[in-house]
Amino acid sequence: MTKHIGILGGTFDPVHNGHIACADYVQRECGLDTVRLMPCHLPPHRATPGVSAEQRAAMVQLAIAGYPKLALERLELDKQSPSYTFDSLQLLHQREPDSRFYFVIGMDSLCYFRQWKNWPLILKLAHLLVCERPGYQATDGDAPFLLQQYGVTDIGALQQSAVGGILLLNNPLSAISATDIRCQLQHNRAASSALDPAVLNYIQLQQLYQA
Ligand code: ATP
């Protein structure tokens, strides 16, 4: 039977409650078999000194512990080159030819999606599920063009085809960002409402994100 698999790619530097809420919402709302969080090994644009890919993955593992339908996807961690979504989706298809993939992004990512490597080909490998994020509108950047070309109105319409649709979700808004969390931790300010307690404990034990 075809498996319907969501993939939430990101730096997860660190993973926060906004990521988990988004993944959990998408899994339930779209009835996916699972949503995997896929930390990149080498972010194409940046990385935080002192925090390794394995530490970011360990934090993801802690954050999803209470969510049986969420999983860690190690594919990009096991590569030694920059992570591009197109390459990763190709590998996932080779590994699991009978599955359908739904790539999950926040609205901020949709707004500059046409800068991603081989973006039209990404849409030949997966659907896009877009979570709302405060500060970013469907009228900004690349979003209007993409929604006009590829947008569908509901999950039923999306599943009429195997790939190539973009569905905008109506998820509860979360203003959390990893940038803010790193800043709070560097200034010894509490970030506890934005992080799973086990993740915060790991950060403290490993002395991550210190000034
Ligand atoms: P940073 O602030 O370091 O850029 P981030 O909080 O955006 O990090 P990423 O790991 O870069 O986290 O995000 C991975 C994916 O999750 C992206 O597609 C991003 O749009 C989405 N995302 C992150 N935070 C939220 C949020 N609060 N609401 C909705 N989507 C989010």
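Keep in mind the model is a prediction, meaning the values are calculated, not measured.

**Q** Pulling in residues and values, what's your account of the overall build of the protein?
**A** Assigned secondary structure in the protein consists of nine helices and seven strands. In terms of principal-axis extent, the alpha carbons of the protein reach across some 50 × 35 × 30 Å. Long-range contacts, defined here as pairs at least 24 residues apart, represent 75% of the contacts in the protein between residues at least 6 apart.

**Q** Tell me about the environment of proline 14, residues and numbers included.
**A** With respect to the element layout, proline 14 can be found in the loop between β1 (3-10) and α1 (17-30). A sequence separation of 106 residues divides proline 14 from proline 120, and the C-alpha atoms of the two residues are 29 Å apart. If sequence neighbours within four positions are ignored, proline 14 has contacts with Arg56, Met59, Ala178, Ile181, Leu195, Val199 and Ile203.

**Q** An account of the sheet that holds strand β4 (residues 99-106) is requested, with residue identities and associated values reported.
**A** With parallel pairing, seven strands are arranged side by side in an open sheet as β3-β2-β1-β4-β5-β7-β6. Either end of the sheet is taken by a strand with one partner, and the two such strands are β3 (70-72) and β6 (151-152). Packing against the sheet, helix α2 (residues 53-63) makes contact with β2 (34-39) and β3, and its axis sits at approximately 155° to β2.

**Q** So what about helix α8 (residues 178-186)? Which residues, and what values?
**A** Three or more residues of α8 are buried, namely Ala178, Ile181 and Leu185. In an axial view of α8, the angular spread of the buried residues amounts to 55°, which keeps them on one side of the axis. Along α8, exposed side chains directed more than 90 degrees from the buried face belong to Thr179 and Gln186. The inward-facing, buried residues of α8 contact α9 (197-206). Residue asparagine 188 follows α8 closely and has a positive phi angle near 55°.

**Q** So, the pairing of β4: which residues are in play, and what are the values?
**A** Among the eight residues in β4, seven count as buried, and that is most of the element. Both β1 and β4 contribute to a ladder of six bridges, which runs parallel. Counterpart to leucine 8 in the pairing with β4 is valine 104. As judged from the five bridges shared by β4 and strand β5 (residues 127-131), these two strands associate in the parallel manner. Considered in β5, the bridge of phenylalanine 103 is made with leucine 128.

**Q** A description of the site of the ligand should follow, citing residues and the corresponding values.
**A** Around the ligand sit 19 residues, and of these Gly10, Gly18, Gly106, Ala178 and Thr179 come closest. Of all the elements in the fold, those that place two or more residues in the shell around the ligand are β1, α1, β4, α4 (107-111) and α8. Looking at the shell around the ligand element by element, the count peaks at three residues for α1.

Conventions we followed
Residues numbered from 1 in each chain as written. Predicted model: local features only at pLDDT ≥ 70, side-chain atom pairs only at ≥ 80, totals over all residues. Helix = DSSP H or I, 4+ residues; strand = E, 2+ residues; numbered from the N terminus. Contact = placed C-beta atoms within 7 Å. Pairing = 2+ DSSP bridges. Axes fitted to C-alpha atoms, helices over the stretch in contact; angles between N-to-C directions. Buried ≥ 20, exposed ≤ 12 C-beta atoms within 10 Å, placed from the backbone. Arc of directions from axis to C-beta. Near = placed C-beta within 6 Å.

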